[in-house]
Structures are given as C-alpha cells and as structure tokens.
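# Fold and geometry: a report
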Amino acid sequence: MRLWSLHPKYLDTQGLVALWREALLARAVLRGKTAGYRHHPQLNRFRECHSPRAAINRYLAGVHAEATARGYEFDRSKFGSTGSVQKITVANGQLAYEWDWLMRKLRKRSRPAYRRILEVSRVEVHPLFRKIRGPVADWEIVKP
C-alpha cells in the first residue's frame, strides 16, 4: 500500500488508478470492514487524526479531483463526507523520499510522465497535507 503524500497530479495513469484502489482499501480498513492491512504503517497518520474516517475521505476527494481533472470517471459514491478535517503534517524529508521513489518508478514505467515531472522545481503535497521541516516519517519502510 502506498498512500502518496505527494500531489496526485505527478502520478501516471497506472499510479493514479492504483492510488485510488489503495486509498479505498485504506478506507475499508479504517472503517473496520476488512481484516487485512489493519497494521499497515501508512495508516498511522490517519489513525492519529481526530477523525480518521473524515481524513481518508478527504484524501480520496483529492485523488478524485485529480482523476476528474484528467477526464476519468472515478465513482464519487465510494467515499463519504469529508467534513472539516485538519491538515496532516508531512515532513520535507518524507516528501523527498517519496519524490525519489516516484522518479525511479516512472523512469522505468512511464517515460512521458517521468519527463513531464523532471522539470518540477517545487513539489506540491496532496491537499490533505501540510509540509513541515523534518526527516522521513517513522512509519515509512525505507528501501535503498
């Protein structure tokens, strides 16, 4: 499961569809509707929110907005109300780690998407998040 802190606009089609599916799975986990992935470390930041369900709905809303902007028809009925959710902080170290990961992934999988984001100088975060200074998150499983 990869719930990107990066803005979904950087993902290629395959990545955006995968993110949608994985975020829906995360929603099911947070709602207690599935036995799998209950202990996945990426869910910690949602569980630490005042309202984890509203937070994952807000996350899905951000992915849905990007899909809609691209002309895709992701089903809005798959997630509930977003209400007022406080932004979740994400450290610039975590963003740098995710950016490097995404660059490696796109270089192999989607050269056009890779070339498109090569020019990015200021990386934007998913609308649910707010960037702060800091290292890679302690829940991240760092791979070389």
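Refer to the structure presented above.
Let me sum up the structure you'll find in this document. Small disclaimer: the values here were computed from a predicted structure and weren't measured.

Below, the discussion takes up the packing of aromatic side chains. Ring pairs (aromatic) are described by centroid distance and by the angle formed between their planes. The full count for this structure, using the stated rule, is eight aromatic pairs. Ring centres 4.9 Å apart and planes at 40° place the aromatic pair Trp20 and Phe74 in the tilted group. Of the two residues, Trp20 is situated in helix α1 (residues 13-30) and Phe74 in the loop between α3 (52-69) and β1 (88-91); the sequence distance between them amounts to 54 residues. Where Tyr97 meets Trp101, the ring centres are 5.9 Å apart and the plane angle is 85°; that geometry is what we call edge-to-face. Of this pair, Tyr97 and Trp101 both sit in helix α4 (residues 92-109), four residues apart, which is roughly one turn of that helix. Counting every residue linked through ring pairs, the aromatic cluster contains Trp20, Tyr72, Phe74 and Phe79. When the ring centre of Trp4 is taken as reference, the NZ or CZ atom of Arg2 above it lies at 5.4 Å.

Before going further, it helps to spend a moment on the packing of α4 against helix α5 (residues 111-118). It is the contact of α4 with α5, at a shortest axis distance of 6 Å, that shows an interaxial angle of 140°. The angle between α4 and α5 falls in the class oblique. On α5, the residues touching Trp99, Leu102, Met103, Leu106, Arg107 and Arg109 of α4 are Arg111, Ala113, Tyr114, Ile117 and Leu118.

Turning our eyes to something else, we now look at α1. Taking 1.5 Å per residue as the helical rise, α1 with its 18 residues ought to reach 26 Å, and the 26 Å between its terminal C-alpha atoms agrees with that figure. For α1, every residue scored as buried is listed here: Gly15, Leu16, Leu19, Trp20, Ala23, Ala26, Arg27, Val29 and Leu30. Next to the buried residues of α1 lie α2 (44-47), α3 and α4. Gly32 sits one or two positions beyond α1 and adopts a positive phi of about 75°.

Now for a positive patch on the surface. Among the surface-exposed residues, Arg104, Lys105, Arg107, Lys108, Arg111, Arg115 and Lys143 lie close enough to one another that they form a single positively charged patch. Of all elements in the fold, only α4 and α5 reach the threshold of two or more residues within the positive patch. The greatest single-element share of the positive patch, amounting to four residues, is contributed by α4. Examined against the element boundaries, Lys108 turns out to sit in helix α4. For Lys108, a relative accessible area of 78% gives the class exposed.

Attention shifts here to α3. For α3, with 18 residues, the first-to-last C-alpha span of 26 Å sits near the 26 Å given by 1.5 Å per residue. Considered for burial, the residues of α3 that qualify are Ala54, Ala55, Ile56, Asn57, Tyr59, Leu60, Gly62, Val63, His64, Glu66 and Ala67.

We now examine the side chain of Glu98. Position of Glu98 relative to the elements: it lies in helix α4. For Glu98, a relative accessible area of 0% translates into the label buried. Within the local environment of Glu98, its side chain forms a polar contact with the backbone nitrogen of Leu6, the two atoms lying 3.4 Å apart. Setting aside residues no more than four positions away along its own chain, Glu98 makes contact with Arg2, Trp4, Ser5, Leu6 and Trp139.

Bringing the pattern of salt bridges into the picture now. According to the stated counting rule, one finds five salt bridges in the structure shown. The residue Arg2 makes a salt bridge to Glu98 at a minimum N-O spacing of 3.9 Å. Residue Arg2 is located in the segment before α1, and its partner Glu98 is located in helix α4; the two are separated by 96 residues in the primary sequence. Accessibility assignment for this pair places Arg2 and Glu98 in one class, buried. Residues Glu140 and Arg2 are paired through a salt bridge, measuring 2.8 Å at the closest nitrogen-oxygen approach. Of this pair, Glu140 sits in the segment after β2 (129-132) while Arg2 sits in the segment before α1; the two residues are 138 residues apart in sequence, bridging distant segments of the chain.

Conventions and cut-offs
- Residues numbered from 1 in each chain as written.
- Predicted model: local features only at pLDDT ≥ 70, side-chain atom pairs only at ≥ 80, totals over all residues.
- Heavy atoms only, no water.
- Phe/Tyr/Trp six-rings, centres within 6.5 Å; stacked < 30°, edge-to-face > 60°.
- Helix = DSSP H or I, 4+ residues; strand = E, 2+ residues; numbered from the N terminus.
- Lys NZ or Arg CZ within 6 Å of the ring centre and 35° of its normal.
- Axes fitted to C-alpha atoms, helices over the stretch in contact; angles between N-to-C directions.
- Parallel < 35°, antiparallel > 145°, perpendicular 65-115°, else oblique.
- Contact = heavy atoms within 4.5 Å.
- Expected span 1.5 Å × (residues − 1).
- Buried < 20%, exposed > 50% of the residue type's maximum accessible area, 1.4 Å probe, protein only.
- Patch = residues over 30% accessible without salt bridge, like charges linked within 9 Å, V, L, I, M, F, W, Y side chains within 5 Å.
- Areas by Shrake-Rupley, 256 points an atom, 1.4 Å probe, with all protein chains shown as cover.
- Salt bridge = Lys/Arg side-chain N within 4 Å of Asp/Glu carboxyl O.
- Lys, Arg positive; Asp, Glu negative; His and termini not counted.
- Charge placed at Lys NZ, Arg CZ, Asp CG, Glu CD.
- Polar contact = N/O pair within 3.5 Å; in protein donor to acceptor, adjacent residues only side chain to side chain.

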